[in-house]
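# Inside the fold
Letter by letter, the chains look like this.
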Amino acid sequence: MTAVADSESPESEREAGAPPRRPIPAAPQLDETTLIPMVVRPTVRQEHRPQPAPPTERRAVLAVAAVATMLSVGAYVYFSRRHLVLALKDSYSHLEIGRRVVTGPTPGIAQLGGVWLPLPHVLQMPFAWNSTLYTSGLSGSLVSMGCFVAAAVLIYRTVRIFSPDRVWPGIIAASVFMANPNVLYLQSTAMDEMPFYACTLAAVYFLVRWADTGRPTGLLAAGLASMAAMLCRYEAWFLACVYVLCVALISRKLGYRGRDARGLALIPTVFGLLSAASGWVFYNWAIFGSPLNFLTGEGSSAQQMAHRTDPEIGSITTTLHAYGIAVTANLGMVMVAVAIAALGAFLLHERLSARSLPITGLLLLPAFHIASIERGQFPIGVPQINGDLDNLRFGLAPILPAALLIGCLAARWPRRWPALPVTVTAVVLIAALSTTTFARNEVVIAAEARNANTYLELQAQTADVLVHQTGGPILMNGYGNEKVLFPVLQRTIYEGSKTKTTNLWLNDLKDPAENGIQVVVMRFTGPTPDDVYHALYKSPILADRYRLSFQNGQYLVYVRK
């Protein structure tokens, strides 16, 4: 019975001459690409490259993170003992913004201001409420230090894509970044470079990973990382456009055509470029009444550079000379030479492959800086041209592509060479270069900070008077007086002190005594007199209600009679 039943299949029962039935196809096996719309599905089969054992990779990542953490803490202690953590003038601005949002006379989102981009200050907010963390600068340093560790790990992981079966090229690349003395100084401060570096490297890593594997799961992450970088520094707005172009080119190289390639390019465009730019423009319009306040408002680059006549402005040769000096001073001549050789090897071997394009795009960051300096959008100062040190940190940005390129060069090293001796030798040489820089006191951004300490001496003197010899609410301009404002931020009414219904600044500027102001601080010179000086100096209100308590070569401090 069983044999007969088995033989009586539907095939045997169909009528003679009837067309054969088509077999029902088996259900397809689902994987992560099946769940993604067709617009983001690869049209070419990708090569599966060997991957390292997960435990080995985890141990290596943890080792890089641990070394980066130890270097980070050690550098903070080193520069803190030399009173350089709070030496750069802009570090005061960053710390003050982070604290004003959470505490002070008028806390709230409007205190983020409209010129400095908000993300570094938002990251500081969990620490800025604490007076000890704020006054020591640690509320900003903790953010930079965390981003430093993240950046080192991202450099390692990006190079591992180019060296999937060897760990040591990634370790060498991370060492180039971690051991740089100027990187170690900046990560000890509240400056916004480290958050920008970490977010930029995250965008590059996810783009390289997508280009290498063909799997689009990292493309959205790259767009979000680009958005975060755009909320750290304005250079990232340029790089966001570069990333969109990279995605379009990578899509073509991966075999996408037409609508699919355009759809992929929309991901970093919408989630990266447009989200950050439109959000910041809307914020400036809502808070300050002008969508372009960050370009033209008080404290903007346009306002600061309006009357400057730096020799770099309008001269591309002078700009190239100045920027070249800054890059060499930050990275060192040896590292610059090795990076140039690594670039040549990278271009020769990769031949503009899909995975090489994000790193190649990162090489355009110095070009953006050079163009901006030449057009007078921000200054740079080197002794050979300007006679001083100013904004040398712009020359540090090439450390990002340099570290990645040197790691990729190490990945091309002959496999017959033992890995451990090569790694140890390279790391020792990198450490020796770093140690020599520290020993010779040639950390150039720290030298700029020491100069700033001298320049801000009168501000520090005035701040000390306010802390120890005055009490009660203070009326003072914030812009241009950052170091004076820093220790007395909690009791100061400044040009951004506003509520939804009242402009405290304008009210107090008209009649400070009537509004309970106990101390009036005005800058009468260096570089220009401030708003308080113009509004109140020699006014009857000041003469009748206040007396001069302190004066130095830059400031006048009046207290209530």
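Summarised in this report is the structure supplied together with it. (Residues numbered from 1 in each chain as written. Predicted model: local features only at pLDDT ≥ 70, side-chain atom pairs only at ≥ 80, totals over all residues. Heavy atoms only, no water.)

## As for the packing of aromatic side chains
Within a pair of aromatic rings, the relevant descriptors are the distance that separates the centres and the angle that separates the planes. Following the criterion strictly, the structure yields 20 aromatic pairs and no others. For the ring pair Phe79 and Phe438, a centre distance of 6.0 Å and an interplane angle of 40° mean the geometry is tilted. Taken together, the residues Phe79 in helix H3 (residues 54-81) and Phe438 in helix H21 (residues 419-439) connect sequence positions 359 residues apart. Classification of Phe79 as buried rests on a relative accessible area of 1%. (Phe/Tyr/Trp six-rings, centres within 6.5 Å; stacked < 30°, edge-to-face > 60°. Helix = DSSP H or I, 4+ residues; strand = E, 2+ residues; numbered from the N terminus. Buried < 20%, exposed > 50% of the residue type's maximum accessible area, 1.4 Å probe, protein only.)

## Concerning the pairing of strand E5 (residues 555-560)
In terms of burial, E5 is largely enclosed, as five of its six residues are buried. Note: strand E3 (residues 519-523) against E5, five bridges, orientation antiparallel. Note that in E5 the partner of Val519 across the bridge is Val559. The antiparallel hairpin formed by strand E4 (residues 546-551) and E5 contains three residues in its connecting segment. (Pairing = 2+ DSSP bridges.)

## With respect to the pairing of E4
One ladder, built from five bridges, connects E4 with E5; its direction is antiparallel. Bridged to Tyr546 within E5 is Arg560.

## Side note on the nonpolar core
Phe148, Phe177, Tyr185 and Ile359 are the most contacted members of the largest nonpolar core, which totals 126 residues. Among residues more than four places away in sequence, those in contact with Phe148 are Ala68, Ser72, Phe177, Met178, Val183, Leu184, Gln187 and Met194. With 20 residues, the next largest nonpolar core counts Phe486, Phe550, Tyr555 and Val557 among its residues. (Core = buried A, V, L, I, M, F, W, Y, C linked by side-chain atoms within 4.5 Å. Contact = heavy atoms within 4.5 Å.)

## Comments concerning the pattern of salt bridges
If you walk through the whole model with that rule in mind, you get nine salt bridges. Between Arg393 and Glu193 there is a salt bridge; the shortest N-O distance is 2.9 Å. Placement of the pair is Arg393 in the loop between helix H19 (364-374) and helix H20 (399-411) and Glu193 in helix H10 (residues 193-213), with a sequence separation of 200 residues. Per residue, the accessibility class of Arg393 equals that of Glu193, and both read buried. Arg355 is paired through a salt bridge with Asp212; the nearest N and O atoms lie 3.3 Å apart. With Arg355 in the loop between helix H17 (333-350) and helix H18 (357-362) and Asp212 in helix H10, the pair connects residues that are 143 residues apart, well separated along the chain. Residues Arg355 and Asp212 agree in their burial class; the two are buried. Look at the salt bridges and you will find they share partners, linking Asp90, Asp192, Glu193, Arg233, Glu235 and Arg393 into a network. (Salt bridge = Lys/Arg side-chain N within 4 Å of Asp/Glu carboxyl O.)

## Overview of the environment of Leu556
Secondary-structure assignment places Leu556 in strand E5. With a relative accessible area of 5%, Leu556 lands in the buried category. A C-alpha to C-alpha distance of 8.2 Å links Leu556 and Val520, two positions 36 residues apart in sequence. Excluding its chain neighbours within four sequence positions, the residues that come into contact with Leu556 are Val520, Val521, Met522, Phe524, Tyr537, Leu548, Phe550 and Gln551.

## Let's talk about helix H22 (residues 444-455)
Its 12 residues give H22 an end-to-end C-alpha distance of 17 Å, which sits within 8% of 16 Å, the value for a rise of 1.5 Å per residue. Those residues of H22 not exposed but buried are Val444, Ile445, Ala446, Ala447, Glu448, Ala449 and Ala452. (Expected span 1.5 Å × (residues − 1).)

## A look at empty space enclosed by the protein
One pass over the full model with this rule turns up two cavities of 30 Å³ or more. As a volume, the largest cavity reaches approximately 60 Å³. What lines the largest cavity is simply Arg100, Thr103, Gly104, Pro105, Thr106, Pro107, Gln111, Leu489, Thr492, Tyr494 and Ser497. Among the residues making up the lining of the largest cavity, the classes are represented as four nonpolar, six polar and one charged. Forming the walls of the second largest cavity are Glu193, Phe196, Tyr197, Arg233, Glu235, His369, Arg393, Phe394 and Ala397. Take the lining of the second largest cavity: its biggest share by element is three residues, from H10. (1 Å grid on protein atoms, 1.4 Å probe; cavity = no way out; pocket = protein on both sides within 12 Å on 5 of 7 lines; lining within 4 Å. Points joined across faces, edges and corners; volume = space filled by probe spheres on them. Nonpolar A, V, L, I, M, F, W, Y, C, P; charged D, E, K, R; others polar.)

## Regarding the packing of helix H5 (residues 119-128) against helix H7 (residues 138-162)
Following both chains from N to C, one finds H5 and H7 inclined at 130°, their axes separated by 8 Å at the closest point. Between H5 and H7, the interaxial angle falls into the category oblique. Classified by chirality, the crossing of H7 by H5 is right-handed. Contacts between H5 and H7 involve Leu123, Gln124, Phe127 and Ala128 from the former and Ser139, Gly140, Leu142 and Val143 from the latter. The residue inventory of the contact of H5 with H7, partitioned by class, reads five nonpolar, three polar and no charged. (Axes fitted to C-alpha atoms, helices over the stretch in contact; angles between N-to-C directions. Parallel < 35°, antiparallel > 145°, perpendicular 65-115°, else oblique. Left-handed = near helix turned anticlockwise from the far one by under 90°.)

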